[in-house]
Amino acid sequence: MDYFGIKLATCSSDRAIRVFDVKQDQYSFQQQLKGHEGPVWQLAWAHPMFGTILASCSYDKKVIIWKETNKKWDKLYEYAGHESSGELCISALRNDVNMTVVGNRLWLFTCILDLEI
């Protein structure tokens, strides 16, 4: 769920991310995002001061940054520099993707089983 609770994104072993608009208790499908070549394990939303941005991490060793503009999602950036694959996580024992704001900058942190950050 995004910062405002109006968008929901799901990830799956089918290599796809699905984004839904949320209004009260109603969920309406918005778009399917494809770009990973393996199961997508984790998602992270950016702070809304940077727009509607979502990061995804996959078994394919990639982290993809997605951006919504005018109700359409596009790939903004792709990082494929990790040597191992797996799901994303916050600790070094798992794999993770996380976005945080430091000052007025958005930072993306990834940790995959190769222990590279």
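Residues numbered from 1 in each chain as written. Predicted model: local features only at pLDDT ≥ 70, side-chain atom pairs only at ≥ 80, totals over all residues. Heavy atoms only, no water.

A. Representation of the side chain of Gln 31 in the model. Within the secondary structure, Gln 31 is located in strand β3 (residues 26–34). Overall, the relative accessible area of 19% leaves Gln 31 in the buried class. For Gln 31, the side chain forms a polar contact with the main-chain nitrogen of Trp 73, separated by 2.9 Å. Excluding residues that lie within four positions of it along the chain, Gln 31 makes contacts with Ile 17, Arg 18, Val 19, Lys 71, Lys 72 and Trp 73. (Helix = DSSP H or I, 4+ residues; strand = E, 2+ residues; numbered from the N terminus. Buried < 20%, exposed > 50% of the residue type's maximum accessible area, 1.4 Å probe, protein only. Polar contact = N/O pair within 3.5 Å; in protein donor to acceptor, adjacent residues only side chain to side chain. Contact = heavy atoms within 4.5 Å.)

B. Quick look at the environment of Lys 72. Inspection of the secondary structure assignment puts Lys 72 in strand β7 (residues 72–79). Given the relative accessible area of 44%, Lys 72 is considered partly exposed. Along the chain, Lys 72 and Gln 30 lie 42 residues apart, while their C-alpha atoms are 8.5 Å from each other. Non-local contacts of Lys 72, meaning those with residues more than four positions away in its chain, are made with Gln 31 and Lys 67.

C. Representation of the pattern of salt bridges in the model. By the definition in use, this model includes eight salt bridges. The residue Glu 68 makes a salt bridge to Lys 7 at a minimum N-O spacing of 3.3 Å. One end of the pair, Glu 68, is in strand β6 (residues 63–69); the other, Lys 7, is in strand β1 (residues 7–11), and 61 residues separate them in sequence. The two residues Glu 68 and Lys 7 agree in class, both being buried. For the salt bridge of Lys 75 with Glu 78, the shortest nitrogen-to-oxygen distance reads 2.9 Å. Taken together, the shared-partner salt bridges connect Lys 7, Asp 21, Glu 68 and Lys 71 into one network. (Salt bridge = Lys/Arg side-chain N within 4 Å of Asp/Glu carboxyl O.)

D. Fine view of the packing of aromatic side chains. For the structure on display, the rule yields three aromatic pairs. On the basis of an interplanar angle of 75° and a centroid distance of 5.7 Å, the ring pair of Phe 20 and Phe 29 is categorised as edge-to-face. (Phe/Tyr/Trp six-rings, centres within 6.5 Å; stacked < 30°, edge-to-face > 60°.)

E. Inspection of the nonpolar core at higher detail. One finds Ala 9, Ile 17, Val 19, Leu 33, Val 40, Leu 43, Trp 45, Leu 54, Ile 64, Trp 66 and Trp 73 forming the largest nonpolar core, which totals 11 residues. At the level of secondary structure, the elements contributing two or more residues to this core comprise β2 (16–23), β4 (40–45) and β6. Per-element accounting of this core gives the leading share, three residues, to β4. Counting residues in each nonpolar core, the second largest holds six residues, with Ala 46, Ala 55, Cys 57 and Ile 65 among its members. (Core = buried A, V, L, I, M, F, W, Y, C linked by side-chain atoms within 4.5 Å.)

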